[in-house]
Amino acid sequence: MRLYEFEGKELFKKFKIPVMEARVASTPDEVYKAVSEMNIPVVLKSQVLTGGRGKAGGIKFAEGANEARTVAEELLKLEIKGYPVEKILIEPKVAIKQEYYLGVTIDRAKYKLVIIASGDGGVDIEETAEKNPDKIVKKEVSINEDLYTFDALLLAKQMGIPQELAKEGAAIIVRLLTMFKKYDAKLAEINPLVLTADGQLIAADARVSLDDDATFRHPDLADLNVEHRHEEGEMTPREKQATEWGIPYLDLDGNIGMFPGGAGFGIMGNDFVHHFGGKPANFMDSGGGPSPERIAKMLVLLDENPNVKAIFGARFGGISRCDDFAKGVLIFLNEHGLSKPMVFRMTGNMWQEGVRIFEEAKKENPAMFEHIEFHGIETPIEEIAKRAVELAEEAGA
Ligand code: GDP
Ligand code: MN
């Protein structure tokens, strides 16, 4: 569950990580009223669950309430990476002397938490990692260990925090780590952590993601005004549609429609496609033993996605039967029709029956199968993935 900046900052406050006094508003009039009661100038920050708002024009300044109202009108019309701006966070503008980066995340390969820090804040940490890797320092911490004060002080020093603020910087590092653990976070990031002209350290941004499966352990999130499940509001239209149909689905930025069986096979298919130089347009899971109707709906999601150039299907029949899979595909072909090339393979439970259903349907209506290549166990999965990448390339060219 990703938190909005204003929610993340509520958590920061709870852990005494310094933030500016902030207000949240969702109409230009509310913004006007808030700014009338605040120290000016102010910064107006679009609240969307994505980064890079600054670059996208979602962070603006205003000298007074009138200007803030006008700026708010513009911001509330904005869509940042497809997400409409519905709320604005307003804070007194700070005079920035230096921007740092500070983050905590999980190193899944090492089963450790890792603190990432840099004197190069305010920019994408991914970009810094690529261009100036030596400007990033990392410190691994075991989940059951605390960070020693001297380690925190060393990190603050390595970030370039001035000596007279080293203690304060170290305290922020320790508090962010404490918050991360207490709230079962997956990511907690302050970018930028700001050194103000008058010598204070302030968290100017907050990016916090909590583990969805652990939110039941934190009923107090509601008292902090953190809304549960607000990701719903940030789903793409297709993800919403899939959710309504009960299909776990995620949009990705490639062009190969992934039509897998279960989630595990879906992930493997994703790897295969990447291996052969393609990019998946989605991730999807059919769930165990899907009905033919559900299979048909999965295909509707892919066929109606304009980014999808070719469809890669892989059905490994376990609890799920390949004949049901074949029936589902036929429902889709008859009721909806396929507008893109598709290649797929069936193995496992009832695969021969599945292939037989397709062969018969093809005999009856060859035109319907014009853009479909179906395979059974005789064709290795690699061949199917490779073919899907080819089909997408041909269609894209
Ligand atoms: P992001 O682009 O979504 O990461 O949004 P941020 O909250 O990090 O803001 C982007 C940039 O706007 C920051 O790196 C700062 O340079 C600038 N910014 C944000 N708040 C303030 C502020 O109060 N004063 C000044 N001078 N700049 C700010
Ligand atoms: Mn930021």
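Worth saying up front: this structure is predicted, and the values here are computed from it rather than measured.

1. What to know about the domain arrangement of the chain
With domains assigned, the chain is organised as domain 1 (21-92), domain 2 (96-224) and domain 3 (237-396). When each unit is reduced to the centre of its C-alpha atoms, the spacing between domain 1 and domain 3 is 43 Å.

2. Description of the coordination of the manganese ion (ligand 2)
Coordination of the manganese ion (ligand 2) by the protein comes from Asn191 (O) and Asp205 (OD), over a distance range of 2.2 Å. A residue pair is termed long-range when its members are at least 10 positions apart, and Asn191 in strand S10 (residues 185-196) and Asp205 in the loop between strand S11 (201-203) and strand S12 (207-210) qualify at 14 residues. Owing to a relative accessible area of 14%, Asn191 belongs among the buried residues under this scheme. Residue classification places Asp205 among the buried residues on the basis of a relative accessible area of 17%.

3. Digging into the pattern of salt bridges
Think of it this way: side chains of opposite charge can pair up when their charged atoms draw near. Summed over all chains, the structure comprises 25 salt bridges. Between Lys13 and Glu10 there is a salt bridge, with its nearest N and O atoms 3.7 Å apart. On the criterion of helical spacing, the pair formed by Lys13 and Glu10 is a turn pair, its members being three residues apart in helix H1 (residues 5-14). Among the residues examined, Lys13 registers a relative accessible area of 42% and is labelled partly exposed. We classify Glu10 as partly exposed; its relative accessible area is 25%. Lys131 is the partner of Glu127 in a salt bridge, and the nearest nitrogen-oxygen pair spans 3.4 Å. Separated by four residues within a single helix, Glu127 and Lys131 lie in helix H4 (residues 125-131), roughly one turn from each other. Taken together, the shared-partner salt bridges connect Glu5, Lys9, Lys45, Arg53, Glu91 and Asp205 into one network.

4. Overview of the packing of helix H2 (residues 28-36) against helix H3 (residues 65-75)
Contact pair H2 / H3: the axes reach a minimum separation of 8 Å and the direction vectors enclose 150 degrees. With respect to H3, the element H2 is oriented roughly antiparallel. With respect to the hand of their crossing, H2 and H3 are arranged in right-handed fashion. Contacts between H2 and H3 involve Pro28, Asp29, Val31, Tyr32, Val35 and Ser36 on the former and, on the latter, Ala65, Asn66, Ala68, Arg69, Ala72 and Glu73. By residue class, the composition of the contact of H2 with H3 is seven nonpolar, two polar and three charged.

5. Section: the side chain of Asp251
As for its position among the elements, Asp251 is in strand S13 (residues 249-251). Within polar-contact distance, the side chain of Asp251 engages the side chain of Tyr249 at 2.8 Å. Residues within four places of Asp251 in sequence aside, it is in contact with Thr236, Arg238, Glu239, Ala281, Asn282 and Asn305.

Procedures and definitions
- Residues numbered from 1 in each chain as written.
- Chains lettered and ligands numbered in written order.
- Predicted model: local features only at pLDDT ≥ 70, side-chain atom pairs only at ≥ 80, totals over all residues.
- Heavy atoms only, no water.
- Domains from an automatic or database assignment.
- Donors = N, O, S within 2.8 Å, 3.2 Å for Na, K, Ca; no water.
- Helix = DSSP H or I, 4+ residues; strand = E, 2+ residues; numbered from the N terminus.
- Buried < 20%, exposed > 50% of the residue type's maximum accessible area, 1.4 Å probe, protein only.
- Salt bridge = Lys/Arg side-chain N within 4 Å of Asp/Glu carboxyl O.
- Axes fitted to C-alpha atoms, helices over the stretch in contact; angles between N-to-C directions.
- Parallel < 35°, antiparallel > 145°, perpendicular 65-115°, else oblique.
- Left-handed = near helix turned anticlockwise from the far one by under 90°.
- Contact = heavy atoms within 4.5 Å.
- Nonpolar A, V, L, I, M, F, W, Y, C, P; charged D, E, K, R; others polar.
- Polar contact = N/O pair within 3.5 Å; in protein donor to acceptor, adjacent residues only side chain to side chain.

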